[in-house]
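A closer look at the structure
What follows is the residue order along each chain.
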Amino acid sequence: MDQAAVDALRHKAVPSQRLFIGGAWSEARERAALDVVSPLDGRRLTSIADADAGDVDRAVTAARNAFDAGTWSRAAPAFRKKVLHKIADLIEAHALELAVLGVRDNGTEIGMAFKAEPGSAAGTFRYYAEALDKIYGEIAPTQDGVLGLIHREPVGVVGAIVPWNFPMMIGAWKLAPALAAGNSVVLKPAEGASLSLLRLAELCAEAGLPEGVLNVVTGRGQVAGEALGLHMGVDVLAFTGSGGVGRRLLEYSARSNLKRIYLELGGKSPNIVFADAPDLERAATVSISGIFRNSGQVCVAGSRLLVEKRVHNDFVEKLVDRVGKLKVGDPLDVTTNIGAVSSAEQLEKNLRYVAQAREEGAGLKAGGSRILEETGGYYMAPTVFDDVSPAMTLAQEEVFGPVLAVIPFEDEAEAIRIANATDYGLAAAVWTSDLARAHRMVRAVNAGVVHVNTYGGADNTVPLGGHKQSGNGHDKSLHAFDKYINLKTAWIDLT
Ligand code: NAD
């Protein structure tokens, strides 16, 4: 990536942002706004509109009107495909601008952000553009004299609430299949990462997405998010974020119209290294990026590293050596490995977990503190705790920061017991040369994805979804369509 091109964008003024409703920009009803503070230097970057329930109602009404008008919901699939491809083209054409804007908002290192945000979002729009006219209804095998048809229809108005860690990537995981299926969407970005999604809305309009089909309401989760969750006009709510908010959404649904709620929640994912791993050097390198990329703010982060006792000491040495070589700092420096923690609150939360792990007796091997305080930004040294026991807080709770818990184990049975001993079940990895063991572990570990001899990297062709308290439903792959489609039976008497 070209540093000069990044630098040309790093100080570009960002005007105060408004809501995107019915194809036009508008202020929040009370002209309320929230300051956006950049984690790079702790300074105010701009402001976003702070929507209230009335604003959310305007957005849902616009989405419903667009749906009922049929300009998108009943449009020929070929038209929807063309528009979604055009959105992908525009994301690619503006990729660096989008990536830098997002980094200034949430602090992800630019190398990662460029690939994971516009890069992956464009790929997701293309994937669902290609898929949308290859999904057919069905003819049921009924008795003679009857025709049973199974239609697949858009559900109506989809609410999408997304977090701040990868706003465009996760936003696209919801928007692209929901739009491809013919729905209208009201998107609620996180307070700490709205800017790139607002720009995306503008690009969607430029690509020809009809008015009202995509609406973006920014603001506080407890206000705008709650209003969306409680709204009687929202048919499906697709959410990525914390378990606590996920629980509330289920309550909102119960208190309102029983809207379908799909939850993609957190994790405490076990990354399990056996002594017979094919290449322990590579396992150490990949395990480091598996936890520390985006400052550990990755739902599938391998935050529990289970290491077989026979190789444990050597392996921890390799880890600590690699952690020492990571370059932490300015996320807009293209040589940086780890950027900023997304906010002051998140940094404080990380440091509280560090203090608690020390109190509970875990052994600090690297990091553990805030760094680069003189920049005003929120930076944290990548942190490794060794000899963490499975019952410690650090082995049970999601930190969502650059903190790794190393847990030694004796044998395969113990590794499985420890791996499954949390409330979560999002991701896992197993490093082994034994093919039979790899398959046994894939079956035994209760998680939505189990990597073998790697960590991360799954693409759009495979689903991502949690087991246990990591959620329900799936993003990505053709399975994601299920969330945004209603099945309708036509039972036709032919006699
Ligand atoms: P969060 O739950 O605090 O916020 C997520 C979104 O919910 C934000 O847009 C927020 O404004 C909104 N919100 C907050 N309170 C709300 C309420 N009362 N009603 C409705 N909406 C509300 O989560 P976060 O801190 O932004 O993100 C971190 C969490 O997301 C972590 O737990 C992480 O593991 C999880 N995550 C999961 C995945 C996945 O695919 N499973 C991916 C990324 C992040």
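It should be noted that the structure appears before, not after, this text.
Parameters at a glance
- Residues numbered from 1 in each chain as written.
- Predicted model: local features only at pLDDT ≥ 70, side-chain atom pairs only at ≥ 80, totals over all residues.
- Heavy atoms only, no water.
- Pairing = 2+ DSSP bridges.
- Helix = DSSP H or I, 4+ residues; strand = E, 2+ residues; numbered from the N terminus.
- Axes fitted to C-alpha atoms, helices over the stretch in contact; angles between N-to-C directions.
- Salt bridge = Lys/Arg side-chain N within 4 Å of Asp/Glu carboxyl O.
- Buried < 20%, exposed > 50% of the residue type's maximum accessible area, 1.4 Å probe, protein only.
- Polar contact = N/O pair within 3.5 Å; in protein donor to acceptor, adjacent residues only side chain to side chain.
- Near = heavy atom within 4 Å.
- Areas by Shrake-Rupley, 256 points an atom, 1.4 Å probe, with all protein chains shown as cover.
- Nonpolar A, V, L, I, M, F, W, Y, C, P; charged D, E, K, R; others polar.
- Domains from an automatic or database assignment.

1. Section: the sheet that holds strand 6 (residues 146-154)
- Ordered in space as 5-6-21, the three strands form an open sheet in which the pairing is antiparallel. Bordering the open sheet on either side are strand 5 (138-140) and strand 21 (485-493), each of which pairs with just one other strand. The average undirected angle you get between the axes of adjacent strands in this sheet is 25°.
- Bridging between strand 6 and strand 21 involves nine bridges; their strand directions are antiparallel. Note on strand 21: the bridge partner recorded for Ile150 is Thr489.

2. Structural notes on the pattern of salt bridges
- Scanning the entire structure with this criterion turns up 32 salt bridges.
- A salt bridge links Lys174 to Asp475, with the nearest nitrogen and oxygen atoms 3.0 Å apart. Taken together, the residues Lys174 in helix 6 (residues 167-180) and Asp475 in the loop between strand 20 (449-452) and strand 21 connect sequence positions 301 residues apart. Assigned by exposure class, Lys174 and Asp475 land together as buried.
- The network of salt bridges with common partners includes Lys81, Glu130, Asp133 and Lys134.

3. As for the side chain of Glu308
- In this fold, Glu308 is placed in strand 13 (residues 304-308).
- Only 2.8 Å separates the side chain of Glu308 from the backbone nitrogen of Ala275, close enough to count as a polar contact.

4. Concerning the site of the ligand
- Around the ligand, a shell composed of 30 residues is seen, among which Val162, Glu191, Ser242, Leu265 and Glu398 lie nearest.
- Within the contact set of the ligand, an oxygen atom lies 3.0 Å away from a side-chain nitrogen or oxygen of Trp164.
- One of the side-chain nitrogen or oxygen atoms of Glu398 is found 2.5 Å away from an oxygen atom of the ligand.
- In the complex, 91% of the free accessible area of the ligand, which totals 850 Å², lies under the protein chains.
- Secondary-structure elements contributing two or more residues to the shell around the ligand are helix 8 (221-230), strand 10 (236-240) and helix 9 (243-255).
- Taken together, the residues of the shell around the ligand sort by class into 16 nonpolar, eight polar and six charged.
- When we break the shell around the ligand down by domain, the ones giving at least three residues each are domain 1 (3-265 + 471-490) and domain 2 (270-460).

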